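Examination of the molecular architecture
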Amino acid sequence: MGVRGLTGGGAGSSLPFVDHDHRTMRIALRAAQDAAARGETPVGACVVDPATGEVIAVAANGPIGTHDPTAHAEIIALREAARKLGNYRLTGLTLVVTLEPCAMCAGAISHARIGRVVFGADDPKGGAILHGPKYFEQPTCHWRPEVTGGVLAVESADLLRSFFRARRGKPTTAPPEQT
């Protein structure tokens, strides 16, 4: 596949990161819920130092409220972490995000030299790690983080589905079956 360390990371995984990944994904999910409450697409992200467990930055999607098309949760979290650390290189840190990053965010991840990306739900339409351009597999990609996908994927996908259902005015539960 070309992406280093791509794993499911879900229940039953023997990866040492699973408990840590679930804890930090829950932080990202809370940020995503905050985004939804503001009418933004519910995506949340956090940057974590895996050596200490310290959460360096937490962010939620904000393009609508900030009038900034680049204000994806990942970009905001990377900017905040770089500002706090005084370095645009975030080598060795982990970015946890509720949705598979898009091409723009994958590019930023590569430029920041993030050591590991953990994401929740796949994004067949806009994702760029498992889908679309498969950014980290391109020969022109100069930095490839380890990637773990599918961490709390059901919760991440459910949050997105219910948000968009509500925006379209559809019920959040399936209608009862006809007999």
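Everything below is about the structure printed above this text.
Below is a short write-up of the structure. Throughout this document, residue positions are counted from 1 along each chain, in the order its sequence is written. Local features in a predicted model are, by the rule used here, given only for residues with pLDDT of at least 70; side-chain atom pairs are given and counted only at 80 or more, and totals for whole chains, interfaces and linings are based on all residues. Excluding hydrogens and water, the side-chain figures rest on all heavy atoms present in the structure.

1. Looking at the nonpolar core
- In this structure, V47, L78, L90, L95, I109, I114 and F136 are the most contacted members of the largest nonpolar core, which totals 29 residues.
- With 5 residues, the single largest contributor to this core is helix α3 (residues 73-85).
- Ignoring any residue separated from it by four or fewer positions in sequence, one finds L95 in contact with A45, C46, V47, E74, A77, I109, I114, R116, V117 and V118.
- The set of buried Ala, Val, Leu, Ile, Met, Phe, Trp, Tyr and Cys residues whose side-chain atoms join them within 4.5 Å is what this entry labels a nonpolar core. For the exposure calls, accessible area comes from a 1.4 Å probe over protein chains only, and a residue counts as buried if that area is under 20% of its type's maximum, exposed if over 50%, partly exposed in between. Residues A28, V48, V118 and V151 belong to the second largest nonpolar core, which totals 12 residues. A run of H or I in DSSP counts as a helix once it spans at least four residues, and a run of E counts as a strand once it spans at least two, with each numbered from the N terminus. In what follows, a contact means two residues having at least one pair of non-hydrogen atoms within 4.5 Å.

2. What to know about the sheet that holds strand β5 (residues 146-149)
- For two strands to be treated as a pair, DSSP must find at least two bridges joining them. Pairing within the open sheet is mixed, and its 5 strands lie in the order β2-β1-β3-β4-β5. With one partner strand each, in any of the chains shown, β2 (55-60) and β5 form the two edges of the open sheet. Strand after strand, the sheet turns through a mean of 15 degrees between neighbouring axes, direction not considered.
- Relative to strand β4 (residues 116-121), strand β3 (residues 94-99) runs parallel, the two being bridged by 5 bridges. Along β4, the bridge assignment pairs L99 with A121.
- For helices, the fitted axis covers only the stretch in contact; all axes are lines through C-alpha atoms, and the angles between them, taken along N-to-C directions, range from 0 to 180 degrees. Of the strands in this sheet, β1 (44-48), β2 and β3 touch α3, which is tilted by about 150 degrees from β2.

3. Concerning the side chain of D21
- In this structure, D21 sits in helix α1 (residues 18-37).
- Judged by its relative accessible area of 1%, D21 falls in the buried class.
- When neighbours within four sequence positions are excluded, D21 is seen to be in contact with R116, V118, T148 and V151.

4. What to know about the pattern of salt bridges
- Think of a salt bridge as a Lys or Arg side-chain nitrogen and an Asp or Glu carboxyl oxygen that are within 4 Å of each other. In the structure shown here, the tally under the stated rule is 6 salt bridges.
- The salt bridge partner of R161 is D158, with a shortest N-O separation of 2.8 Å. Placement of the pair is R161 and D158 together in helix α5 (residues 153-168), with a separation of 3 residues, close to one helical turn.
- The network of salt bridges with shared partners includes D21, R116 and E146.

5. Details of the packing of α3 against helix α4 (residues 103-112)
- Taken N-terminus to C-terminus, the directions of α3 and α4 make an angle of 20 degrees; their axes are 9 Å apart at the nearest point. Judged by the angle between their axes, α3 and α4 are roughly parallel. In terms of crossing hand, the pair formed by α3 and α4 is left-handed. Of α4, the residues touching α3 (which contributes E74, I75 and L78) are M104, C105, A108, I109 and A112.
- Here the residues of the contact of α3 with α4 sort into 7 nonpolar, no polar and 1 charged. Any angle between 65 and 115 degrees counts as roughly perpendicular, while under 35 counts as roughly parallel, over 145 as roughly antiparallel, and the rest as oblique. Take the far helix as your reference; a near helix turned counterclockwise from it by less than a right angle gives a left-handed crossing, and one turned clockwise gives a right-handed crossing. Three classes are used: nonpolar for Ala, Val, Leu, Ile, Met, Phe, Trp, Tyr, Cys and Pro, charged for Asp, Glu, Lys and Arg, and polar for all others, with Gly counted as polar.

6. Considerations on the pairing of β4
- Within β4, 6 of the 6 residues are buried, which leaves the element mostly enclosed by the surrounding structure.
- Crossovers are marked right-handed if the path from the first strand over the helix to the second runs clockwise, as seen with the strands pointing away from the viewer. In this view, the connection linking β3 to its parallel neighbour β4 by way of α4 has right-handed handedness.
- Direction of pairing for β4 relative to β5: parallel, over a ladder of 4 bridges. If you follow V117 over to β5, its bridge partner there is V147.

7. Quick word on α5
- Expected helix span is taken as 1.5 Å per residue step, with the number of steps being one fewer than the number of residues. Over its 16 residues, α5 extends 22 Å from the first C-alpha to the last, a length consistent with the 22 Å expected when each residue adds 1.5 Å.
- Listing the buried residues of α5 in full gives S156, A157, L159, L160 and F163. An end-on view of α5 places all buried positions within 155 degrees of arc, on one side of the element. For α5, the exposed residues set more than 90 degrees away from the buried face come down to V154, A166 and R168.
- Note on α5: the residue one or two positions beyond its end, G169, has a positive phi of about 75 degrees. Here, the arc refers to the directions that run from the helix axis to the C-beta atoms.

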